[in-house]
Amino acid sequence: DVQLVESGGGSVQAGGSRRLSCVASGYTLPMYMAWFRRLPGQEREGVAAIGGDGRTNYADSVKGRFTISQDNAKTTAYLQMDNLKPEDTAIYYCAVGEFCSPSWWEYTNWGQGTQVTVS
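Thresholds applied
Residues numbered from 1 in each chain as written. Predicted model: local features only at pLDDT ≥ 70, side-chain atom pairs only at ≥ 80, totals over all residues. Heavy atoms only, no water. Pairing = 2+ DSSP bridges. Helix = DSSP H or I, 4+ residues; strand = E, 2+ residues; numbered from the N terminus. Axes fitted to C-alpha atoms, helices over the stretch in contact; angles between N-to-C directions. Phe/Tyr/Trp six-rings, centres within 6.5 Å; stacked < 30°, edge-to-face > 60°. Buried < 20%, exposed > 50% of the residue type's maximum accessible area, 1.4 Å probe, protein only. Lys NZ or Arg CZ within 6 Å of the ring centre and 35° of its normal.

Q: Run through the sheet that holds strand β8 (residues 76-81), naming residues and quoting values.
A: Pairing is antiparallel across the open sheet formed by 4 strands, whose spatial order is β1-β3-β8-β7. The open sheet is flanked by β1 (3-7) and β7 (66-70), the only strands paired with a single partner. If you compare each strand with its neighbour and ignore which way they point, the axes differ by 15° on average.

Given below as structure tokens:
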């Protein structure tokens, strides 16, 4: 069974940085890995995605501030979050799927989420 475990969330001051990690296991490659977030009172939205070929996609709201990457085994995804803003406060989820997509329904497996609070 596919399992995704996020870590790295926490509280940070505006302008600061955090790095989220997502360790994936139990799935067959190739897969895309992605980060989504759910802002307070809102639906989850795509943040960034990366494919096995290294191609990436970012939401306009985080482009230039966040960077998604993978380890060489392509089983761990990272989200480097720089210049954080209060509006980045959300629960962040990692996900895997067969497509690189900003749409949550394209992903088949999800982590439990990790809270990031920017103040």
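Q: Describe the packing of aromatic side chains, and please don't skip the residues or the numbers.
A: The geometry of two aromatic rings is summed up by the distance between their centres and the angle between their planes. Under the defined criterion, the tally for this structure stands at 5 aromatic pairs. Ring geometry for Phe-36 and Tyr-107: centres 5.2 Å apart, planes at 75°, overall edge-to-face. Of this pair, Phe-36 sits in strand β4 (residues 32-38) while Tyr-107 sits in strand β10 (residues 107-110); the two residues are 71 residues apart in sequence, bridging distant segments of the chain. Residues Phe-36 and Tyr-107 agree in their burial class; the two are buried. The rings of Phe-36, Tyr-93, Tyr-107 and Trp-110 are connected pair by pair, giving a single aromatic cluster. Residue placement shows Arg-44 over the ring face of Trp-110; its charged tip is 4.6 Å from the ring centre.

Q: Residue-level account of the pairing of β4, with values.
A: The element β4 is largely enclosed, with a buried count of 5 among its 7 residues. Relative to strand β9 (residues 90-97), β4 is paired through 7 bridges, and the arrangement is antiparallel. For Arg-37, the partnering residue across the bridge sits in β9 and is Tyr-92. As paired elements, β4 and strand β5 (residues 44-50) share 6 bridges and run antiparallel to each other. Its bridge partner being in β5, Met-33 is matched across the sheet by Ile-50. Between β4 and β5, which pair antiparallel one after the other, the connecting turn spans 5 residues, and Gly-41 there sits at a positive phi close to 75°.

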